[in-house]
Amino acid sequence: MASLDEMSGNTEDDRPFEIAMDGPSPLEQMQSHESCAEVAEVLLKLEPNYREVLVLRFHEEMSLEEIASVTRAPLSTVKSRLYRGLAALKPEIHQLRARKRVAEVRA
């Protein structure tokens, strides 16, 4: 069995030894965490009906039929709430990110 130090020496083709990494990089983890925090902040601003459907769909990973059953709303209503909720979410996230950029520039 070889140690990492022994393995880290240059190989025949002069490529450095790299340890394979499963999963996202630290940068990707940080970006994902920031995005989740932004969505959570903006979700609180949405109407409760839209927020409920968005959380059930994307956080709880429920199907539209399951959401209709849980909320006791027709499937067509669930679909429209999902569509309208996503439409309301997008500009709010853009505004939040713009405010953060302005705050970073001022700092």
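Residues numbered from 1 in each chain as written. Predicted model: local features only at pLDDT ≥ 70, side-chain atom pairs only at ≥ 80, totals over all residues. Heavy atoms only, no water.

### Quick look at the overall build of the protein chain
At step 1: Along its length, the protein chain carries five helices and zero strands.
At step 2: In sequence order, the protein chain lays out its α and β elements as α-α-α-α-α.
At step 3: Accessible area for the protein chain stands at about 8600 Å²; split by element, carbon and sulfur atoms hold 54% of it. (Helix = DSSP H or I, 4+ residues; strand = E, 2+ residues; numbered from the N terminus. Areas by Shrake-Rupley, 256 points an atom, 1.4 Å probe, with all protein chains shown as cover.)

### Some thoughts on the nonpolar core
At step 1: In terms of nonpolar packing, the biggest core is built from 14 residues, with V78 and L89 touching the most fellow members.
At step 2: Within the residue set of this core, elements represented by two or more residues are α2 (26-43), α3 (48-59), α4 (64-71) and α5 (75-106).
At step 3: Those residues within four positions of V78 in sequence are excluded, and the remaining contacts are V53, L64, I67, A68, T71 and A73. (Core = buried A, V, L, I, M, F, W, Y, C linked by side-chain atoms within 4.5 Å. Buried < 20%, exposed > 50% of the residue type's maximum accessible area, 1.4 Å probe, protein only. Contact = heavy atoms within 4.5 Å.)

### Structural notes on α4
At step 1: Residues of α4 that are buried include every one of I67, A68 and T71, and no others. All buried residues of α4 project into a common sector of 100° when viewed along the axis, lining one side. In α4, the exposed positions that point more than 90 degrees away from the buried face belong to E65 and S69.
At step 2: Contact partners of the buried residues in α4: α3 and α5.
At step 3: Once α4 finishes, R72 follows within two positions and takes phi at roughly 55°, a positive value. (Arc of directions from axis to C-beta.)

Read these as geometric descriptors, not functional statements.
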